[in-house]
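For reference, the chains in residue letters:
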Amino acid sequence: MQMDEGRRVADNNVSDVLNTIDGYQSGAVRALAQDPPQNSADARRNGTKVKVEYTVHKRKDADGEDVVLLTITDSGTTGLDGPILTLDELGAREQDEGELFIRQGENWAAWEAQRYTKEGEDNLGSRGQGKYAYMYHSAHPGPTLDVDPDGDPANNWRMIILYDTLLPSGEYRLGARCHNPAARVFGPYLNQDALDVLRDGYEEGPIPVPLGLEPLGEVGSRIIIPF
């Protein structure tokens, strides 16, 4: 299901992320510290103990420039499980139900979708804004400093995160979300294709990322925040 041009996600861009996280009363770092453990606890697997680790990795890009990766890895969870739904399927659900609901156990779809409500939660606490805390910390200048026609300086910035998961079934998945400044999702890369990306680096989308990471050894998930 790789798509070289990516799949566009509506109503989501650099400005959305910056405005949302800058509006957190607790601050941007607190948002990054608060959301991942809560998300992992919500995905606890069969009463097992959940562990969340933050790790910094230093890499070089193709030009020899330093790139810092922050990885946030959990274990003891179900991982990003559930069906891989296309944006057309998600859109049809939203049209049929009047609002996009992500069902229990559709954890992968929650990373692909935007502007949704998780069943069993109130609207205020859902909508997938937890991803914004990750995207915010990957913000870096684009290749040019030209101001866009609307004069929004945020559109001179870009963001990217990657996310991989080892499922209880043994399946391995990896995806990427880029805001450049429009939002697109890439992948999923499955099994050996995912392992190749982790080893060689991410090159498919508009923002290349050196990785050189080992695959997960335990069932769980990992968020990779470059730059």
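As the structure is a prediction and not an experimental result, all values here were calculated from the model. (Residues numbered from 1 in each chain as written. Predicted model: local features only at pLDDT ≥ 70, side-chain atom pairs only at ≥ 80, totals over all residues. Heavy atoms only, no water.)

Quick look at the overall build of the chain now. Counting its regular elements, the chain contains six helices and ten strands. The buried share of the chain, taken over its 227 residues, is 47%. Considering only residue pairs separated by 6 or more positions, the chain has 57% of its internal contacts joining residues 24 or more positions apart. In the structure as shown, the chain presents an accessible area of about 11300 Å², 47% of it carried by carbon and sulfur atoms. (Helix = DSSP H or I, 4+ residues; strand = E, 2+ residues; numbered from the N terminus. Buried < 20%, exposed > 50% of the residue type's maximum accessible area, 1.4 Å probe, protein only. Contact = heavy atoms within 4.5 Å. Areas by Shrake-Rupley, 256 points an atom, 1.4 Å probe, with all protein chains shown as cover.)

This part covers the confidence of the model for the chain. Confidence in the prediction for the chain averages 83 pLDDT; 84% of positions are at 70 or higher. Per-element confidence in the chain ranges from a low mean pLDDT of 61 for strand β1 (residues 7-13) to a high of 98 for helix α6 (residues 192-200). (pLDDT = per-residue confidence, 0-100.)

Over its 15 residues, helix α2 (residues 28-42) extends 21 Å from the first C-alpha to the last, a length consistent with the 21 Å expected when each residue adds 1.5 Å. Among all positions of α2, only Ala 28, Ala 31, Leu 32, Asp 35, Pro 36 and Ser 40 are buried. Down the axis of α2, the buried side of the element spans an arc of 135 degrees, and every buried residue falls inside it. Looking at the buried positions of α2, the neighbouring elements they touch are α1 (14-22), β2 (51-60), β3 (66-75), α5 (130-136) and β10 (220-226). (Expected span 1.5 Å × (residues − 1). Arc of directions from axis to C-beta.)

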